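What follows is the residue order along each chain.
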Amino acid sequence: MNIVHISAECYPIAKVGGLADVVGSLPKYQNALGVEACVIMPFYDLTFTKKHKFSKLYSNTVKLGSTSFDFRVLKLESSELGFTLFLIDVKELLFKDYVYSFDDTDRFLAFQKAVLDWLLTFKEKPSIIHCHDHHTALIPFMLQECYRYRPLNNIPTVLTIHNAQYQGWFDYDKLSYIPDFNVDNVGLLDWDGVINPLATGIKCAWRVTTVSPTYMEELKQKANGLESLLTAEKKKCLGILNGIDVEVWNPEKDAYLVKKYTVRNNISGKKANKKYLCEKFKLHKNKPLFIFIGRLVGEKGADLLPEVFTKVLADKNCTVLVLGSGNKDIEKELYKLQSGYSGHYNAYTGYNEKLSHIMYAGADFLLMPSRVEPCGLNQMYSLKYGTIPVVRSIGGLKDTVIDITKKNGFGICHKEATVAAIIKAVKKAITLYDDNQQEYRKISKKIMQIDHSWNTSAEAYITLYKSII
Ligand code: ADP
Ligand code: GLC
């Protein structure tokens, strides 16, 4: 069985969020299970592409309207990733020092068409085409409907929705960018009067998955306008919980850490990493350290954080460190807090992979007050590093964090994404840390042993593929 994953992001080549982590690890675990999985992604002008060698496999041109763009298909020469990596180089559109931009419709349409043009030349066709998110969600439609891709139209397709908030909408003036098809079927592209790639993918993919069972259920009630579509298509939809790459995210092996640690020396290991963070960010060492890592957007509840921190830090009985970027107003507000709470609060605005690893290791608690969380990887990383998650019970957070008051519980959960609910949860966490250090340590060791590696879920995808081949 050979599986082709097609995605805009893939760690460590290009990462904006969890999509990259998933596409950079699931194929590796699938290969270990005996199938052949590879990844096709755009060739961006980023550090990884600068530092690695690629060989050219194919070249052609791709047209958007009347404009032609040259493209090449490149293959990564080294085998360090655990899967074969192919990159589509459409220099004028994709070779930029960023992943997403205002002209993504053109960029990802060219990408998807170039991928399919190249697949047309394959002697042995893939067993499955696995698309990720709206950037690649027109592929199932093009395979099914476009005359040009007829030779590929019996290849089963899977679309994984990592986040239904983003759907890739564009107007009909770009309809001609899609290769010819029977216009009677134009409705497949439509949702609410515009072309909606995610909706199209849901209609045309052979199977649709999302990244946790609870999010799959939630989508039928709340899917940014696609609720009725997901309800209608529910028979081909399935929630499969993401896993984590325990070769990359593992305190025993993590080269980014100040000190590596196992369950046995978790106390000294976490302490050394916390010391580094507290010195670097001028925070008190002896208070419980809460961290937030992520995109500073409403979905993550980031807009609630400035008020939460202002109220929580008034008591000066904990410290807070934020790593993130996104909405400029939230960035500014979080930055401003630094002056009022020195010694207790700091924020790093931007993206920093290394720092994120040290933070998962050195923190005592991780905050995730998300409004929407299809799966969430941060809480799984924090578990692996022995850091207790304080989360809103929603989506994948509900599937991975059990409240401490419940049987086998280990996390602190709140139901609402409100300032009051988050503060209450933070106070519970501080009480646990201050009044019951022994219990805190017991939980910290216990959660490091929860297995969220890809093993089970990679298998679940393979079972799904087999059911449609
Ligand atoms: P999402 O994909 O919705 O952003 P996830 O929880 O699935 O959320 O994954 C987020 C990933 O991005 C994690 O690997 C997290 O550590 C990483 N991340 C988010 N923001 C930053 C940042 N500012 N610096 C470093 N890593 C970050
Ligand atoms: C999306 C979701 C996040 C999920 C990630 C990987 O970015 O917002 O919850 O973990 O994709 O599937």
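Because the structure is predicted, anything quoted here is derived from the model rather than measured. (Residues numbered from 1 in each chain as written. Chains lettered and ligands numbered in written order. Predicted model: local features only at pLDDT ≥ 70, side-chain atom pairs only at ≥ 80, totals over all residues. Heavy atoms only, no water.)

This paragraph deals with the domain arrangement of the chain. Often, the extent of an interface is quoted as the loss of accessible area on bringing the components together. Segmenting the chain into domains produces domain 1 (2-243 + 454-468) and domain 2 (266-447). Averaged C-alpha coordinates put domain 1 and domain 2 at centres separated by 33 Å. Contact with domain 1, which involves 20 residues of that partner, is made by 16 residues of domain 2. Summed over both partners, the interface of domain 1 with domain 2 comes to about 1,400 Å²; 56% of that surface belongs to carbon and sulfur atoms. Among the residues of domain 1 in contact with domain 2, K15, T214 and L241 are the three that bury the most area, contributing 25% of the side total. Scanning the region where domain 1 abuts domain 2 turns up one salt bridge. (Domains from an automatic or database assignment. Contact = heavy atoms within 4.5 Å. Buried area = accessible area lost by both parts, 1.4 Å probe. Salt bridge = Lys/Arg side-chain N within 4 Å of Asp/Glu carboxyl O.)

Here we come to the packing of aromatic side chains. On inspection of all chains with the given rule, the structure shows 19 aromatic pairs. With a centroid separation of 5.3 Å and an interplanar angle of 15°, the aromatic rings of F43 and F95 are classed as stacked. Remark: F95 occurs in the loop between α4 (91-94) and α5 (104-119) and F43 occurs in the loop between β2 (36-42) and α3 (47-51); sequence separation between them is 52 residues. Overall, the relative accessible area of 7% leaves F43 in the buried class. Judged by centre distance (6.1 Å) and plane angle (55°), the ring pair of Y100 and F108 falls under tilted. Following the ring pairs from residue to residue traces out a cluster consisting of W249, Y360, Y381 and Y385. Sitting over the ring of F95, K91 keeps its end group 4.9 Å from the ring centre. Positioned above the aromatic ring of F281 is the side chain of K280, whose terminal nitrogen or guanidinium carbon lies 5.8 Å from the ring centre. (Phe/Tyr/Trp six-rings, centres within 6.5 Å; stacked < 30°, edge-to-face > 60°. Helix = DSSP H or I, 4+ residues; strand = E, 2+ residues; numbered from the N terminus. Buried < 20%, exposed > 50% of the residue type's maximum accessible area, 1.4 Å probe, protein only. Lys NZ or Arg CZ within 6 Å of the ring centre and 35° of its normal.)

Here we come to the packing of helix α11 (residues 305-313) against helix α12 (residues 328-340). Interhelical geometry of α11 versus α12 gives an angle of 20° and a closest axis separation of 9 Å. As far as their axial angle goes, α12 and α11 are roughly parallel. For the pair α11 and α12, the crossing hand works out as right-handed. When α11 is examined against α12, the residues L305, P306, F309 and T310 are found in contact with a partner set consisting of E333, L334 and L337. Each residue belonging to the contact of α11 with α12 can be placed in one class, and the counts come to five nonpolar, one polar and one charged. (Axes fitted to C-alpha atoms, helices over the stretch in contact; angles between N-to-C directions. Parallel < 35°, antiparallel > 145°, perpendicular 65-115°, else oblique. Left-handed = near helix turned anticlockwise from the far one by under 90°. Nonpolar A, V, L, I, M, F, W, Y, C, P; charged D, E, K, R; others polar.)

Let's shift gears to helix α13 (residues 353-362). In an α-helix, one turn spans 3.6 residues; hence positions three or four apart end up facing the same way. Within α13, nine of the 10 residues are buried, leaving the element largely enclosed by the surrounding structure. Within the span of α13, buried status applies to E353, L355, S356, H357, I358, M359, Y360, A361 and G362. Where α13 is buried, its residues contact α10 (266-280), β12 (289-296), β13 (319-326), β14 (345-349), β15 (365-368) and α14 (378-384). Residue N352 occupies the N-cap position of α13, its side-chain oxygen lying 3.3 Å from the main-chain nitrogen of K354. (Polar contact = N/O pair within 3.5 Å; in protein donor to acceptor, adjacent residues only side chain to side chain.)

With that settled, the discussion passes to the site of ligand 2. Neighbouring ligand 2 are 13 residues; H162, N242, E373, C375 and G376 lie closest to it. The separation between an oxygen atom of ligand 2 and a polar side-chain atom of N163 is 3.1 Å. Measuring from an oxygen atom of ligand 2, one finds a backbone N or O atom of P374 at 3.4 Å. Within the complex, 92% of the 310 Å² of free accessible area of ligand 2 lies under protein. With three residues, the top contributor of residues to the shell around ligand 2 is helix α1 (residues 18-23). The class makeup of the residues in the shell around ligand 2 is six nonpolar, five polar and two charged. (Near = heavy atom within 4 Å. Areas by Shrake-Rupley, 256 points an atom, 1.4 Å probe, with all protein chains shown as cover.)

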